[in-house]
Amino acid sequence: MTLVHMQDVSFGYEDRPILQNVHIDVQPGEWLVVMGSNGASKTTTLRLMLGLLKPWHGQVSRQESISIGYVPQQVSAFNVGFPSTVYELVSSSCDTSPRFSKVPKQEKEAIVWRVLQEVGMQELAHQRIGNLSGGQKQRLCIARALALQPDLLVLDEPTTGMDTESRKGFYDLISHHVKQHGRSVVMVTHHWEEVRKYADRSITLERKENVGWRCFTTSSCKGHFGQGHALQS
Amino acid sequence: MFYYEFMQRAFWAGACIAILAPVLGVFLMLRRQAMLPDTLAHISLAGVALGIVIKITPEWTAMAVALIGAVMMEWLRRSYKSYSEISVAILMTGGLSVAVLLMSMQHSINKGFTAYLFGSIVAVTQEALYVMTGITVIGLFLIWWYRRPLYLMTFDEDCAQTSGVPVRGLSIAFNILAGMVVATMIPITGVLMVSALVILPAALATKLGRSFGQTILIAMTIGVFGVFSGLFSSYELNTPSGASIAFILLLTLICGLGLMRLLKYLKRRRNEFEQSFTIQPTVSVPQPISANEHLKES
């Protein structure tokens, strides 16, 4: 029942390896935190997990017909003044997902409004997205991912631009989705102290200098599943 | 003006491209591919030259070459993801060099080339009109049918791919459609003015539109206005149609942006003016004793 299985994955850019023999399993209903210093290839690991990058070696497999909600670190469309409203963008998730092909229009609209309410953006539904602040844009991306009703949420530093209070609200919201809806979460963050009481497991990408090239290993904290990360290097 | 059959054809063809080209332009601009129409037009020039040299209808060879260019453009864009402008430089110079080499092989075709470079309202043949109508109908239908995946792909390719949108296939299909539209536009706008009709309406519409749907409708309206006014002035002033359309669209863009700035300025001034009258007094003024209290005291 593993949602995503990464086995012996190695990857690099051009001829320079940056990830070596990475093993990660994502189980249903678990909240996995990915940590590491700047440049530790956290985003690359997520992109490999999502199938946006092809590994040099190893295997990445995802459960069939899995629905994934992805919140990237940066969305370039925000910089070019994308002419769209908040509602349009969030509803685009439901409109493109095969999962919603047979769902009635009213039901889809209800999902969109509920998700907007969850992230506190109901009143901004008809605002142009270019007029939003950084934190609001981040919440919008989260709403778009949640509207998919995903089995797996992949969040790349989703709390960037949020203040402490907003971050707390965000962790509560994600925790609700994990506990009530059984969604799995893979989240990159630098706020381990804040998120540790919610998360089930963590993976830390570490630089290993003594092997002659940049090599990252993984290690974990004690979690519910007690496995899943170990790296052989 | 409409007494002449060539003018009827020009307006019909103009209406087709004026509706479809700005819609493509909105997507291209937001995907940071604003130079794609210009590149494909330059590539299709090689197709025009090839058609004349091998004695096949130049419109068909131009379209074939534009389609190959559209696929190559997508391939190069992915190969040079961080420097996608490189694909423009490679294909534009490639297309032009082939066109010039072919032209040098047959000196008699140089004169006919002017019409392809700058556009001519008499250049629209009945056959080209049928092709344009067909491509417009198919193009609009495809964009309407795939509007949501296209919207999401335009917003963010990674998000679209993880949401299940076949980004690679859709992107190639979109480029092919752009190639077909560009190739059919050349007789009216000319190679050098193609991007005017694709990008200028989109540039203004993205500023004016509040939603994506509204932006598309505004771009279409600007496109139709620009093409019809351009064709009209081209007929009346005997100027090249492509340049006339491009000039009117450019004027529309400048006026539109200027008007937006003016409205913003006036709004800001009005707000400042209103705020200056709504400042609350900070010193409390003693209230007069009411009639009852006055009686009580006495």
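Every value quoted in this text rests on a predicted model; they were computed, and no experiment measured them.

Caption draft 1: Layout of the pattern of salt bridges. Summed over all chains, the structure comprises nine salt bridges over all chains. Note that Glu30(A) is salt-bridged to Arg201(A), the shortest N-O span being 2.9 Å. On the criterion of sequence distance, the pair formed by Glu30(A) in the loop between strand E2 (16-26) and strand E3 (31-36) and Arg201(A) in strand E8 (residues 201-208) is long-range, its members being 171 residues apart. The salt bridge involving Arg269(B) is made with Glu272(B); its shortest N-O contact spans 4.0 Å. With Arg269(B) and Glu272(B) both in helix H12 (residues 241-276), this residue pair falls three residues apart, about one helical turn. A relative accessible area of 45% means that Arg269(B) is categorised as partly exposed.

Caption draft 2: Looking closely at the environment of Gly242(B). All names here are of chain B. Position of Gly242 among the secondary structure elements: in helix H12. The buried category is assigned to Gly242, whose relative accessible area is 1%. A C-alpha to C-alpha distance of 8.8 Å links Gly242 and Leu117, two positions 125 residues apart in sequence. Setting aside residues no more than four positions away along its own chain, Gly242 makes contact with Phe118, Ile188, Thr189 and Met193.

Caption draft 3: Just unusual backbone geometry, in detail. All names here are of chain A. A positive phi angle, near 45°, is found at Asn21, a position not held by glycine. Locating Asn21 in the fold gives a position in strand E2. Residue Asn21 is classed as partly exposed on the basis of its relative accessible area, which comes to 22%.

Caption draft 4: Main features of empty space enclosed by the protein. Residue and element names in this part refer to chain B. Tallying each qualifying case throughout the model produces two cavities of 30 Å³ or more. As a volume, the largest cavity reaches approximately 130 Å³. Contributing to the lining of the largest cavity are Thr57, Glu59, Trp60, Met63, Thr125, Glu127, Ala128, Val131, Met132, Ala183, Thr184 and Pro187. Of all the elements in the fold, those that place two or more residues in the lining of the largest cavity are helix H3 (58-79), helix H6 (126-145) and helix H9 (167-189). For the lining of the largest cavity, the leading source of residues is H6, giving four residues. Within the lining of the largest cavity, the residues separate by chemical class into seven nonpolar, three polar and two charged. In this structure, the second largest cavity encloses a volume near 30 Å³. Those elements that place two or more of their residues in the lining of the second largest cavity are H3 and H9. Split into classes, the residues belonging to the lining of the second largest cavity amount to seven nonpolar, no polar and one charged.

Thresholds applied
Residues numbered from 1 in each chain as written. Chains lettered and ligands numbered in written order. Predicted model: local features only at pLDDT ≥ 70, side-chain atom pairs only at ≥ 80, totals over all residues. Heavy atoms only, no water. Salt bridge = Lys/Arg side-chain N within 4 Å of Asp/Glu carboxyl O. Helix = DSSP H or I, 4+ residues; strand = E, 2+ residues; numbered from the N terminus. Buried < 20%, exposed > 50% of the residue type's maximum accessible area, 1.4 Å probe, protein only. Contact = heavy atoms within 4.5 Å. 1 Å grid on protein atoms, 1.4 Å probe; cavity = no way out; pocket = protein on both sides within 12 Å on 5 of 7 lines; lining within 4 Å. Points joined across faces, edges and corners; volume = space filled by probe spheres on them. Nonpolar A, V, L, I, M, F, W, Y, C, P; charged D, E, K, R; others polar.

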